[in-house]
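These are the residues of each chain, in order.
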There are 4 protein chains.
Amino acid sequence: MFILVNLKTYPCDPVAVADAVAAVDETTDARVAVAPQAAHLERVAETGAETWAQHVDPIDYGSNTGHTLAETAADAGAVGTLINHSEHRLKLADVDGSVRAADRAGLETVVCANNPAQIGAAAALGPDAVAVEPPALIGTGTPVSQADPEVVEGAVDAARNVDEDVAVLCGAGISTGDDVVAAADLGSEGVLLASGVAKADDPKAALEDLVDPL
Amino acid sequence: MFILVNLKTYPCDPVAVADAVAAVDETTDARVAVAPQAAHLERVAETGAETWAQHVDPIDYGSNTGHTLAETAADAGAVGTLINHSEHRLKLADVDGSVRAADRAGLETVVCANNPAQIGAAAALGPDAVAVEPPALIGTGTPVSQADPEVVEGAVDAARNVDEDVAVLCGAGISTGDDVVAAADLGSEGVLLASGVAKADDPKAALEDLVDPL
Amino acid sequence: MFILVNLKTYPCDPVAVADAVAAVDETTDARVAVAPQAAHLERVAETGAETWAQHVDPIDYGSNTGHTLAETAADAGAVGTLINHSEHRLKLADVDGSVRAADRAGLETVVCANNPAQIGAAAALGPDAVAVEPPALIGTGTPVSQADPEVVEGAVDAARNVDEDVAVLCGAGISTGDDVVAAADLGSEGVLLASGVAKADDPKAALEDLVDPL
Amino acid sequence: MFILVNLKTYPCDPVAVADAVAAVDETTDARVAVAPQAAHLERVAETGAETWAQHVDPIDYGSNTGHTLAETAADAGAVGTLINHSEHRLKLADVDGSVRAADRAGLETVVCANNPAQIGAAAALGPDAVAVEPPALIGTGTPVSQADPEVVEGAVDAARNVDEDVAVLCGAGISTGDDVVAAADLGSEGVLLASGVAKADDPKAALEDLVDPL
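Cut-offs used in this document
Residues numbered from 1 in each chain as written. Chains lettered and ligands numbered in written order. Predicted model: local features only at pLDDT ≥ 70, side-chain atom pairs only at ≥ 80, totals over all residues. Heavy atoms only, no water. UniProt positions renumbered as here; feature names shortened; annotations may be inferred. Contact = heavy atoms within 4.5 Å. Salt bridge = Lys/Arg side-chain N within 4 Å of Asp/Glu carboxyl O. Polar contact = N/O pair within 3.5 Å; in protein donor to acceptor, adjacent residues only side chain to side chain. Helix = DSSP H or I, 4+ residues; strand = E, 2+ residues; numbered from the N terminus. Patch = residues over 30% accessible without salt bridge, like charges linked within 9 Å, V, L, I, M, F, W, Y side chains within 5 Å. Areas by Shrake-Rupley, 256 points an atom, 1.4 Å probe, with all protein chains shown as cover. Lys, Arg positive; Asp, Glu negative; His and termini not counted. Charge placed at Lys NZ, Arg CZ, Asp CG, Glu CD. Buried < 20%, exposed > 50% of the residue type's maximum accessible area, 1.4 Å probe, protein only. Disulfide = S-S within 2.5 Å. Axes fitted to C-alpha atoms, helices over the stretch in contact; angles between N-to-C directions. Parallel < 35°, antiparallel > 145°, perpendicular 65-115°, else oblique. Left-handed = near helix turned anticlockwise from the far one by under 90°. Nonpolar A, V, L, I, M, F, W, Y, C, P; charged D, E, K, R; others polar. Pairing = 2+ DSSP bridges. Least-squares fit on C-alpha atoms with pLDDT ≥ 70 in both. Buried area = accessible area lost by both parts, 1.4 Å probe. Right-handed = clockwise from strand over helix to strand, strands pointing away. Expected span 1.5 Å × (residues − 1).

Chain A carries the name Triosephosphate isomerase in an unreviewed UniProt entry, which gives Natrarchaeobaculum sulfurireducens as its organism. In its Sequence similarities (unreviewed entry) section, UniProt records this for chain A: "Belongs to the triosephosphate isomerase family." Per UniProt, the comment on chain A under Subcellular location (unreviewed entry) is "Cytoplasm".

Structure (structure tokens):
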């Protein structure tokens, strides 16, 4: 299982969470990574934790003031990137452009989407993985695998129908090791989570709980 | 073949073009329709021409000042709608929402996209048809079927791989009957065109030329 | 006072509301107008009611599929337009472009904004009027003149500081004649309202109540 | 004069340019600063050069995946930020929100705009400075002060009319010391520039030329 901890713009210490991610990653078969804000990529990558960007823009080198260039994210230490997160929805043409930009820079890609139909669409753009996050469940603490298992199964079916090589991750509401196991049972190969780890008093303990049943 | 004449915001007389569309539609096996601006839908529909909207928003009845409700487009006489035209790109989640809104209102749907990957994505959202319009060719007078036939074939393959029931239209640069035949030969079931008819001195003659070889 | 009834995408009968607007406008010193959806402009204008668009895009004649051209809104019968309504926020450069487009087409302009600072900014773009609508009050039934009179006074001051010729309207929560009087007492020269009239069982009676104290 | 070198997403070495900025800043009365991409803020700030962000979002701490938080830009070493650059246009409400966010984080603010009307609007939002960059001149190498001096004078007048405390900078086409002097003569208190320094073979020499006549 792939476990990606999204730090959003939370008031957490990104280095402390990254240290926890790096430490727990060494103790488990799961692959654990952390996605800080762009301006924190470099200091997070320096911890040795697997570091992801939260977003890259559908751009190339050039006149793009204020945008995130995939090559610069990579230069700062990112090895992958989220694209089209529900808090940063992109135009269809720009999801495509961002996947191409990330590929060009050697970044692994996870394209997020709301429902199985959009997951099929995201998979058609050729990312490494897609992540299904029903907007109604984000930040609720209710895991999608429990509240709406058909969404996860539908997402897995939709992605497979389009491209069997695209992995499906599961977001929204994941907070315990049981949630991760339930997500895996529904056919997902990883989870996106955020507050459960980033806002935990002890991020390392929270991560250890998550990977414990794996 | 389906021939959809997009009037964009051209300074043409929408009723005159609609009259031509209605007249030519009666003389040919092709299905000919016209897409005026929202504020012209009603007077265009009154000509008897098959009338399409250029866009509908991913909304329902409610507090959406300045947006286009699918039910209102239908009420004004539209029977179908373009979605995600290259001049009105939408977020992936909103392409999905606009297709759902159009379905709800009984409008037929054509989702536009730039390239085969995006055509696959568009097809995954379940529209009636998709239309491939390489941005570089729009308005050039060079038909995609001639400049880049692989794009049309790739689009047909991409759509079929995702959903065999989704028809593929071909946009960008279509201006003659030969272009329409070439598009059909590449597997497309219709064409989108705009200036070739809307800006013609004699729209009826332009349409007659288009459908002549069919 | 100017009273503009915004029909949004409500499931109301736009012609019935327009008839009420036209009837009440004849019986009062206030100026009463109605803003239907673009596809309803023509049939609303035919009632004889003063008709406004809910939005125009910052475009000219040309290749702008799915957008609202100011000239077309005028051609369909609009004499003015809202711009930058809180349900249709525009980029700063596009608010400017939409005001220019509306001027070009002879449409009167009301630019909406959230707070006094943005009202000052809107006034600097040279519209005929600005309308302050604190987002927190929209749809609450609590008039801004009562919940937050400083916002209205602040908006009037901000507009006057920039351009004394720009009138200030007051939106959000207006539903009674007393609300209109309170708005006038705070220095506003009109009101925007929506559900209070558009969703009323008897729009004419609702409008008569609104203009009664004027 | 304030001279801000925008690195955009150019393929330049941000540390090399920052070193040049820091070195030249010490030799002149002008104030020289550099605006790298978000992911490069930290390493640029470590050079000792005055460091600016290219953009901040109108957000607070919280659930804002992929956005730029003003506090994080500050934490990474930025002391100011561009807002609403012509390559990153924002909604009017979001220009306001971004200025508030930057103020909250202690960042100095420069809001960009296209023309005198928009400069007045930007000034009404209370930034520290505004910058006028006619889109037609960006990247041309023709300085606005030469091609269209009325735009700069108009911008200075528009800003002063709204708020005398808001400084006016001049962007687009600045590349020589004479351009900087001309901008100052027209009433501007600084310049934005990009390729002239960022793409120079010798950024330090380019900067020395710029500040030489000051």
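Participant: How do you make sense of the interface of chain D and chain C when you look at a structure like this?
Facilitator: Where interface size is given, it is often the accessible area lost as the parts come together that is meant. The interface of chain D with chain C comprises 19 residues on the first partner and 19 residues on the second. Scanning the region where chain D abuts chain C turns up zero salt bridges. Inspection of the region where chain D meets chain C yields eight residue pairs in polar contact (both at pLDDT 80 or more). For the side of chain D that touches chain C, the secondary-structure elements that each account for two or more residues are α4 (92-104), α5 (116-124) and α7 (149-162) of chain D.

Participant: What is the right way to look at a positive patch on the surface in this model?
Facilitator: A cluster of basic residues, A:K91, B:K91, C:K91 and D:K91, forms a positive patch at the surface. Following the sequence through the fold, D:K91 ends up in the loop between β4 (80-83) and α4. Residue class for D:K91 comes out partly exposed when judged on its relative accessible area of 39%.

Participant: Is there a simple way to think about the state of the cysteines in this case?
Facilitator: Defined simply, a disulfide is a covalent bond joining two cysteines at their sulfur atoms. As enumerated under the stated definition, the model contains zero disulfides over all chains in all. Not engaged in a disulfide, the cysteine C:C170 finds its nearest cysteine sulfur in C:C112; these two sulfurs lie 12 Å apart.

Participant: Just checking my understanding: could you explain the arrangement of the chains for this structure?
Facilitator: Regarding chain A and chain C, which are not in contact, the minimum distance between any of their C-alpha atoms is 16 Å. Of all C-alpha pairs spanning chain B and chain D, none lies closer than 16 Å, and the two are not in contact.

Participant: Please clarify how the packing of helix α5 (residues 116-124) of chain C against α5(D) should be interpreted in this entry.
Facilitator: Helix packing geometry: the angle between the two helix axes and the distance between the axes. Contact pair α5(C) / α5(D): the axes reach a minimum separation of 7 Å and the direction vectors enclose 170 degrees. As far as their axial angle goes, α5(D) and α5(C) are roughly antiparallel. For the pair α5(C) and α5(D), the crossing hand works out as right-handed. Between α5(C) and α5(D), the residues in contact are C:A117, C:G120, C:A121 and C:A124 and D:A117, D:G120, D:A121 and D:A124, respectively. For the contact of α5(C) with α5(D), the residue count by class is six nonpolar, two polar and no charged.

Participant: Would you mind showing me how to read the UniProt feature "binding site: substrate" (unreviewed entry) in chain A here?
Facilitator: Residues and elements named next belong to chain A. The sites that UniProt annotates as "binding site: substrate" (unreviewed entry) are N6, L7, K8, I138, G173, A194 and S195. One can find L7 in the loop between β1 (2-6) and α1 (14-25). Since its relative accessible area comes to 2%, L7 is described here as buried. The residues contacting L7, other than those within four sequence positions of it, are C12, P14, V17, V34, A35, P36, Q54 and A198. Within the fold, K8 resides in the loop between β1 and α1.

Participant: Just to check I follow, could you spell out the UniProt feature "active site" (unreviewed entry) in chain A for this structure?
Facilitator: As recorded in UniProt, the sites labelled "active site" (unreviewed entry) are A:H85 and A:E133. In three dimensions, the annotated residues from a span of 49 residues occupy one location, with a maximal C-alpha spread of 8.6 Å. What makes A:H85 buried here is its relative accessible area of 2%. When residues no more than four places from it in sequence are discounted, the contact partners of A:H85 are A:N6, A:K8, A:C112, A:E133 and D:T65. Following the sequence through the fold, A:E133 ends up in the loop between β6 (129-132) and α6 (144-147).

Participant: Explanation requested: the sheet that holds strand β7 (residues 167-170) of chain D in the structure shown.
Facilitator: Two orientations exist for strands paired in a sheet by backbone hydrogen bonds: parallel and antiparallel. All names here are of chain D. Ordered by their spatial adjacency, eight strands build a closed barrel running β1-β2-β3-β4-β5-β6-β7-β8, and the pairing between neighbours is parallel. Neighbour to neighbour, the strand axes of the sheet diverge by 30 degrees on average, direction disregarded. Sheet analysis places strand β5 (residues 108-113) next to strand β6 (residues 129-132), joined by four bridges and oriented parallel. Considered in β6, the bridge of A113 is made with V132. Sitting on the sheet, helix α1 (residues 14-25) is in contact with β1 (2-6) and β2 (31-35), with an inclination near 170 degrees to β2.

Participant: Looking at this model, I keep getting lost on the sheet that holds strand β4 (residues 80-83) of chain B. Mind explaining?
Facilitator: Residue and element names in this part refer to chain B. Around the barrel, eight strands lie side by side as β1-β2-β3-β4-β5-β6-β7-β8; this closed barrel has parallel pairing. Taken pair by pair, the neighbouring strands of this sheet meet at an average axis angle of 30 degrees, ignoring direction. Here strand β7 (residues 167-170) pairs with strand β8 (residues 190-193) via two bridges, running parallel. Within β8, the position partnered with L169 by the bridge is G190. Across the sheet, helix α5 (residues 116-124) is in contact with β5 (108-113) and β6 (129-132); its angle to β6 comes to roughly 165 degrees.

Participant: Even after reading the chapter, I still don't get the relation of the copies chain A and chain D, so can you show me in this structure?
Facilitator: By a simple turn and slide, chain A fits onto chain D: the slide is 0.0 Å along the axis, the RMSD is 0.0 Å, and the turn is 180 degrees. What the superposition gives is, in effect, a two-fold axis relating one chain to the other. Looking at the rotation axis and the C-alpha trace of chain A, the residue lying nearest is A:A39, at 2.2 Å. In this assembly, 100% of the residues forming the interface of chain A have copies in chain D that are likewise at the interface, indicating an isologous arrangement.

Participant: Help me understand unusual backbone geometry, please; the structure alone is not making it clear to me.
Facilitator: Most peptide bonds take the trans form, and the phi angle of most residues other than glycine is negative. Residues and elements named next belong to chain A. The residue N84 is not glycine, and still its phi comes out positive at about 65 degrees. Looking at where N84 falls in the secondary structure, it is placed in the loop between β4 (80-83) and α4 (92-104). Relative accessible area serves as the criterion here: at 1%, N84 is assigned to the buried category.

Participant: Which parts of the structure should I look at to understand the interface of chain A and chain D?
Facilitator: Contacts between the two partners involve 31 residues from chain A and, on the opposite side, 31 residues from chain D. With both sides pooled, the region where chain A packs onto chain D buries about 2,700 Å², and carbon together with sulfur makes up 48% of that total. At the junction of chain A with chain D, the criterion picks out four salt bridges. Run the count over chain A and chain D and you get 24 residue pairs in polar contact (both at pLDDT 80 or more). Listed by contribution, the elements that provide at least two residues to the side of chain A that touches chain D are α2 (41-45) and α3 (70-75) of chain A. Of the residues forming the side of chain A that touches chain D, the biggest block, three residues, is contributed by α2(A).

Participant: Teacher, can you tell me more about the pairing of β6(A) here?
Facilitator: A regular strand carries its side chains on alternate faces of the sheet. All names here are of chain A. Burial along β6 is two-sided: the face carrying A129 and A131 and the face carrying V130 and V132 are both buried. With helix α5 (residues 116-124) bridging strand β5 (residues 108-113) and its parallel neighbour β6, the resulting β-α-β unit is right-handed. As judged from the four bridges shared by β6 and strand β7 (residues 167-170), these two strands associate in the parallel manner. For A129, the partnering residue across the bridge sits in β7 and is A167.

Participant: Quick question: what am I supposed to make of the side chain of B:S188 here?
Facilitator: Residue and element names in this part refer to chain B. As for its placement among the helices and strands, S188 is situated in the loop between α8 (177-185) and β8. Residue classification places S188 among the buried positions, given a relative accessible area of 4%. At 3.0 Å, the side chain of S188 and the backbone oxygen of G190 are in polar contact. Residue contacts for S188: discarding those within four places in its chain leaves M1, V152, V156, V168, L169, C170 and A183.

Participant: Any chance you could explain α1(A) here in plain terms?
Facilitator: In an α-helix, one turn spans 3.6 residues; hence positions three or four apart end up facing the same way. All names here are of chain A. In a regular helix each residue adds 1.5 Å, so 12 residues correspond to 16 Å; α1 covers 16 Å between its end C-alpha atoms and thus fits that length. Taken together, the buried positions of α1 are occupied by P14, V17, A18, A20, V21, A22 and V24. Elements in contact with the buried residues of α1: β1, β2 (31-35), α2, α9 (195-198) and α10 (203-211).

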